[in-house]
Amino acid sequence: MMSDYRCSVCGGRYENRRVTVELYNPQDELIVVKNVPAEVCVQCGDELFTAEITHQLLELSKTPPLPIATLQVPVYDLAAA
Ligand SMILES: [Zn+2]
């Protein structure tokens, strides 16, 4: 679909991949979504999502289904290090 589109960062080609997306929901909690279809730059890894996928991610973050797994992740603050 966007196969002729060149990366604005490095000029590389994009290819269709399934990626894992990390985003914050409206409660400012980190959520992880697997198997998100994206166009990924083969050179620098820049990720592009269609408007429909972006919309789906937004909806998922607002009204999430039961997660398939729950992760516990450590959080660091570089300013405090
Ligand atoms: Zn690139």
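Cut-offs used in this document
- Residues numbered from 1 in each chain as written.
- Predicted model: local features only at pLDDT ≥ 70, side-chain atom pairs only at ≥ 80, totals over all residues.
- Heavy atoms only, no water.
- Donors = N, O, S within 2.8 Å, 3.2 Å for Na, K, Ca; no water.
- Tetrahedral: all angles 85-135°; square planar, octahedral: opposite > 155°, others 65-115°.
- Helix = DSSP H or I, 4+ residues; strand = E, 2+ residues; numbered from the N terminus.
- Buried < 20%, exposed > 50% of the residue type's maximum accessible area, 1.4 Å probe, protein only.
- Salt bridge = Lys/Arg side-chain N within 4 Å of Asp/Glu carboxyl O.
- Pairing = 2+ DSSP bridges.

At this site the zinc ion is bound by Cys7 (SG), Cys10 (SG), Cys41 (SG) and Cys44 (SG), with donor distances of 2.3 to 2.4 Å. For the zinc ion, the 4 donor atoms are set out with angles of 99 to 115° between them, so the coordination reads as tetrahedral. We note that the donor set of the zinc ion lies within a single chain, spaced as C-x2-C-x30-C-x2-C. You can see Cys10 sitting in the segment before β1 (14–24) and its partner Cys44 sitting in the loop between β2 (30–41) and β3 (47–48), a full 34 residues away along the chain. On the accessibility criterion, Cys10 (35% relative accessible area) is partly exposed.

The next subject is the pattern of salt bridges. This model, assessed by the stated rule, comprises 2 salt bridges. Notably, a salt bridge pairs Arg17 with Glu15, separated by 2.7 Å at the nearest N-O pair. The partner of Lys62 in a salt bridge is Glu59, and the shortest N-O contact between them spans 3.5 Å. Taken as a pair, Lys62 and Glu59 lie in helix α1 (residues 51–62) at a separation of 3 residues, close to a single helical turn. You can call Lys62 partly exposed: its relative accessible area is 46%. What makes Glu59 partly exposed here is its relative accessible area of 32%.

One ladder, built from 10 bridges, connects β1 with β2; its direction is antiparallel. Its bridge partner lying in β2, Arg17 is registered against Ala38. Count of turn residues in the β1/β2 antiparallel hairpin: 5 residues, of which Asp28 carries a positive phi of about 65°.

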